[in-house]
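This is what each chain is made of:
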Amino acid sequence: MKESSVITLNKEALQTNWNFLRSYFKGTKISAVVKGNAYGHGISVYVPLAEACGVNHFSVFNAEEARAVFDVASADTTIMIMGSLKDSDMEWCISNNIEFYVFTNERLSSALKLAKQLNKKALIHIEVETGMYRTGFELEKIPALIKTLKEHKEHLTFRGLCTHFAGAESIANYVRIKKQKRLFKKALSSFREAGLEPQIVHTCCSAAAVRLPDMHYDMLRIGIMQYGFWSGPEVLVEYLSRHKKDVSPLKRIIRWESSIMSLKHVPPGEFVGYGTSFFSHEAMTLAIIPIGYAHGFSRSLSNMGIVLINGKRAPVTGTVNMNCIAVDVTNIPNIATGDSVILIGTQDGQEITVASFGERSSQLNYELLTRLPQDIERRIV
Ligand SMILES: *Cc1c(COP(=O)(O)O)cnc(C)c1O
């Protein structure tokens, strides 16, 4: 995959995004969510870039991602695991001050046992179930948790109390989110009334951070926005209308670029590619690009996706193959093998955004980004 395309990350755009996030969220501490290989941007390249923008807290899904961050991050950077964690990785976490979510009694017992063995405190974030029904302790389990946390203060640090909203990006979930807010507040009070104060309280992902300012507490867990995207169109529209703006202050930092592998002239009246999904009504010139669904260019972009060549938009013709696509360059002058092809990014004032892919293929930015393979080279510009 290495030779067929390159991903570049724009440092200046990233600085713009972090400046915006800090001022918009009024200096509330932000954890940079870098699960899914930093939403496709590449953990090992992205984390040092983010640190250069002043970020010192990263959230990941599992221990493997935590190790990837750990390998490149500075010593005083905090790493927090929000999801999967095997007992076999927990020892490493505790030894290296990697913080982690606890949402089951089994994980709580393991943390306690290992903290005792290692004679080092486990830094745990208690996740509360408020209505997402994915992970988290139900409210009725809180009294037992309080007892354990109090009894084992010397082994367990109550680092955080947290929850996750089930779709704050859509107004359709308004009632459900409202109930989640209420339950979380109730959970927090239970701990406080028992004299247990978590060191930090955090509930908001990007959409919730924009929409629920009353739920910011001590830290926000920002994923998609740092990369220059909004969680969905409603969140962007809400931001723009509330602040009487007409352009997003966020900048995309990713650019995905390939080049023309070969050109193909097609006579009128032929089917192009596999099967019969594209028919040439006239003589056409196609450029073959060595990028396919194996590289994260979704098959659902067949006859739908668009790329940029010489600053002009070239539509995908026929189906996306495993390792290549054909795009129509009939009306683009001076086309040649080796010409640059923009899959995501700008060229001569034209832009291909992941969002426009998203609309066309009814997928989310999140999914398209995280599908970008780990082994495409990432460069910084
Ligand atoms: C992914 C995730 C986030 C970040 O979500 P964004 O919408 O990308 O900001 C925050 N919290 C948890 C628990 C997550 O899983």
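Structure: above.
Let us look at the structure shown here. Everything numeric here is computed off the predicted structure, so don't read it as measured data.

Observations regarding the nonpolar core
Ranked by size, the top nonpolar core spans 121 residues in total, and within it F100 and I309 carry the most contacts. Here this core spans two domains, and each of domain 1 (11-242) and domain 2 (254-352) adds at least three residues to it. Among the nonpolar cores identified, the runner-up in size contains 7 residues, and V272, F278, M284 and A326 belong to it.

A closer look at the environment of I177
With respect to the helices and strands, I177 occurs in helix α8 (residues 174-193). Overall, I177 belongs to the buried group, its relative accessible area being 5%. Placed 11 residues apart in sequence, I177 and A166 show a C-alpha to C-alpha distance of 6.9 Å.

What to know about the site of the ligand
Around the ligand lies a shell of 13 residues, among which K35, Y39, S206, I224 and Y366 are the nearest. Contact between the ligand and K35: an oxygen atom at 2.6 Å from a side-chain N or O atom of the residue. About the coverage of the ligand: the protein hides 92% of its 390 Å² of free accessible area. Residue assignment for the shell around the ligand shows that the elements contributing at least two residues are α2 (35-39) and β9 (219-222). Looking at the shell around the ligand, its residues break down into 7 nonpolar, 3 polar and 3 charged.

Definitions and limits used
Residues numbered from 1 in each chain as written. Predicted model: local features only at pLDDT ≥ 70, side-chain atom pairs only at ≥ 80, totals over all residues. Heavy atoms only, no water. Core = buried A, V, L, I, M, F, W, Y, C linked by side-chain atoms within 4.5 Å. Buried < 20%, exposed > 50% of the residue type's maximum accessible area, 1.4 Å probe, protein only. Domains from an automatic or database assignment. Helix = DSSP H or I, 4+ residues; strand = E, 2+ residues; numbered from the N terminus. Near = heavy atom within 4 Å. Polar contact = N/O pair within 3.5 Å; in protein donor to acceptor, adjacent residues only side chain to side chain. Areas by Shrake-Rupley, 256 points an atom, 1.4 Å probe, with all protein chains shown as cover. Nonpolar A, V, L, I, M, F, W, Y, C, P; charged D, E, K, R; others polar.

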